[in-house]
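Report on the structure
Take a look at the letters that make up each chain.
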Amino acid sequence: MIPDLARHKTNAERLIDYYYEPEVAAELAAWVNYVCPVPAAQAVLADSKDKDTAELAGNPLIFPDSTMRKHLAIARDITSTERVEFAKEWNKIVGL
């Protein structure tokens with residue numbers, strides 16, 4: 001997320017674009033072993049010369065397959081009213 005009034009919004013957008021390049025996303029997925037939002041990164045990992053890295057392309061915890069997707073729950077987005085209420089509650093917790 002980029003704050004609406006961020007002074008360097010363009011730089012933040014460029015950084016996000018960089019992380020979504022398949023080669024960069026593949027490197028990040030290999031390092032963190034977490035779900036990768038860039039499908040093209042799977043092929044990049046599969047083509048790795050390092051056997052252990054290439055095997056990550058088949059890991060359903062990084063690239064969920066149809067079997068894994070059956071076990072996933074998709075969370076709904078919160079409404080703008082809920083967002084305001086959650087922010088108020090959070091601010092109470094953190095003392096703002």
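Check the entry above for the structure.
Residues numbered from 1 in each chain as written. Predicted model: local features only at pLDDT ≥ 70, side-chain atom pairs only at ≥ 80, totals over all residues. Heavy atoms only, no water.

**A few points about the overall build of the protein chain**
Regarding its fold elements, the protein chain presents six helices and zero strands. Each helix and strand of the protein chain, placed in order from N terminus to C terminus, yields the pattern α-α-α-α-α-α. Taken over C-alpha atoms, the radius of gyration comes to 18 Å for the protein chain, far larger than the 12 Å a tight globule of 96 residues would show. Once the C-alpha set of the protein chain is aligned to its principal axes, its extents read approximately 50 × 35 × 20 Å. Relative to all contacts within the protein chain whose residues are 6 or more apart in sequence, the contacts with residues 24 or more apart total 21%. (Helix = DSSP H or I, 4+ residues; strand = E, 2+ residues; numbered from the N terminus. Rg over C-alpha atoms; globule rule 2.2 N^0.38 Å. Contact = heavy atoms within 4.5 Å.)

**Here's the deal with helix 2 (residues 22-32)**
Structural remark: α-helix, 3.6 residues per turn; residues separated by three or four positions point the same way. All of the buried residues along helix 2 are Val24, Ala25, Ala26 and Ala29. A positive backbone phi angle near 50 degrees is found at Asn33, which sits one or two residues after helix 2. (Buried < 20%, exposed > 50% of the residue type's maximum accessible area, 1.4 Å probe, protein only.)

**Some details on the pattern of salt bridges**
Counted according to the given criterion, the structure contains five salt bridges. For Glu82, the salt bridge goes to Arg76, with nearest N and O atoms at 2.8 Å. On the basis of relative accessibility, which here comes to 57%, the residue Arg76 falls in the exposed class. For Lys88, the salt bridge is made with Glu85, and the minimal N-O distance between the two is 3.6 Å. Here Lys88 pairs with Glu85, and both are found in helix 6 (residues 80-94), just three residues apart, close to one helical turn. By relative accessible area, Lys88 is classed as partly exposed at 46%. (Salt bridge = Lys/Arg side-chain N within 4 Å of Asp/Glu carboxyl O.)

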